[in-house]
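# Commentary on secondary and tertiary structure
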Amino acid sequence: MKIKLVQIFNLGVKNSKLYSELLYNYQDYNYEVNKNEKIAIYSSQKKILGFLPSPVLKIKSIYSTDKAIVMYRKGKAGTLFIPYHKKWSCSENAIPLILKEKYKGKINLNYLITLIQDIIYERTTGKSDNANANWDMIKDIEVEYNYNDAIDKEYKKLQQLLKSSYEIKNMLNSQIKKSVTVKGKPIKILFRRFCCWQN
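Residues numbered from 1 in each chain as written. Predicted model: local features only at pLDDT ≥ 70, side-chain atom pairs only at ≥ 80, totals over all residues. Heavy atoms only, no water.

## Quick word on the sheet that holds strand β3 (residues 38-43)
- Reading across from one edge, β4-β3-β7 is the order of the three strands in this open sheet, with mixed pairing throughout. The open sheet has two free edges, formed respectively by β4 (45-53) and β7 (88-90), since each of these has just one partner strand. Taking each pair of neighbouring strands and ignoring which way they run, the sheet shows an average axis angle of 35°.
- Direction of pairing for β3 relative to β4: antiparallel, over a ladder of five bridges. Counterpart to Ala40 in the pairing with β4 is Phe51. (Pairing = 2+ DSSP bridges. Helix = DSSP H or I, 4+ residues; strand = E, 2+ residues; numbered from the N terminus. Axes fitted to C-alpha atoms, helices over the stretch in contact; angles between N-to-C directions.)

## A few points about the pairing of strand β8 (residues 94-99)
- With six of six residues buried, β8 lies mostly within the body of the structure.
- Of the two faces of β8, the one carrying Ala94, Pro96 and Ile98 and the one carrying Ile95, Leu97 and Leu99 are both buried.
- Both strand β2 (residues 9-11) and β8 contribute to a ladder of three bridges, which runs antiparallel. Paired with Asn10 across the strands is Ile98, a residue of β8.
- With five bridges connecting them, strand β5 (residues 68-72) and β8 associate as antiparallel partners. The partner of Tyr72 across the bridge, within β8, is Ala94. (Buried < 20%, exposed > 50% of the residue type's maximum accessible area, 1.4 Å probe, protein only.)

## A few points about the packing of aromatic side chains
- What the rule picks out here adds up to eight aromatic pairs.
- Both rings, one in Tyr42 and one in Trp88, keep their centres 5.9 Å apart while their planes meet at 65°; by these two values the pair is edge-to-face. Residue Tyr42 is found in strand β3, and its partner Trp88 is found in strand β7; the two are separated by 46 residues along the sequence. Across the pair, exposure class does not vary: Tyr42 and Trp88 are buried alike. (Phe/Tyr/Trp six-rings, centres within 6.5 Å; stacked < 30°, edge-to-face > 60°.)

So this is what it looks like as structure tokens:
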């Protein structure tokens, strides 16, 4: 079937003027004592800017769904990813696209991203650090969406492979962080059984 982005997504609400000073002021905020929700803030990168308490943000800008796509407005403009925090919001440099209720369970967002990402890059003003993207540039994009059981099976296999690779990567990173490189002391490389002495 053919689908248009404007057909399946609602443009979400974002927050303007979320400066680094504001995030800094709340870095030691006690959420339990103040009984406020901890909201992750997305911007023009997959790594979050930080967290803010819910009263600081526009109520309509706080989301609790992974049935959405976030798009970079600046930087690598047009880059898409799926939010991975339970409660999240966006700064002015990220654009939240919320899947309409009638399409939840019918659209695989990861698969959709593979169909539209290159098209969106072509429509951004450039791929430099000065590039910009916005909803009006992409809302009329139409693609042939043919997600089926065979694709779903292969996609789940890929997910499992990626999960395994992340687990291996995290294990190795954990071991590397334990390494000691000071001259004259034991050097623990990856696994504890591999030890040597510097001359």
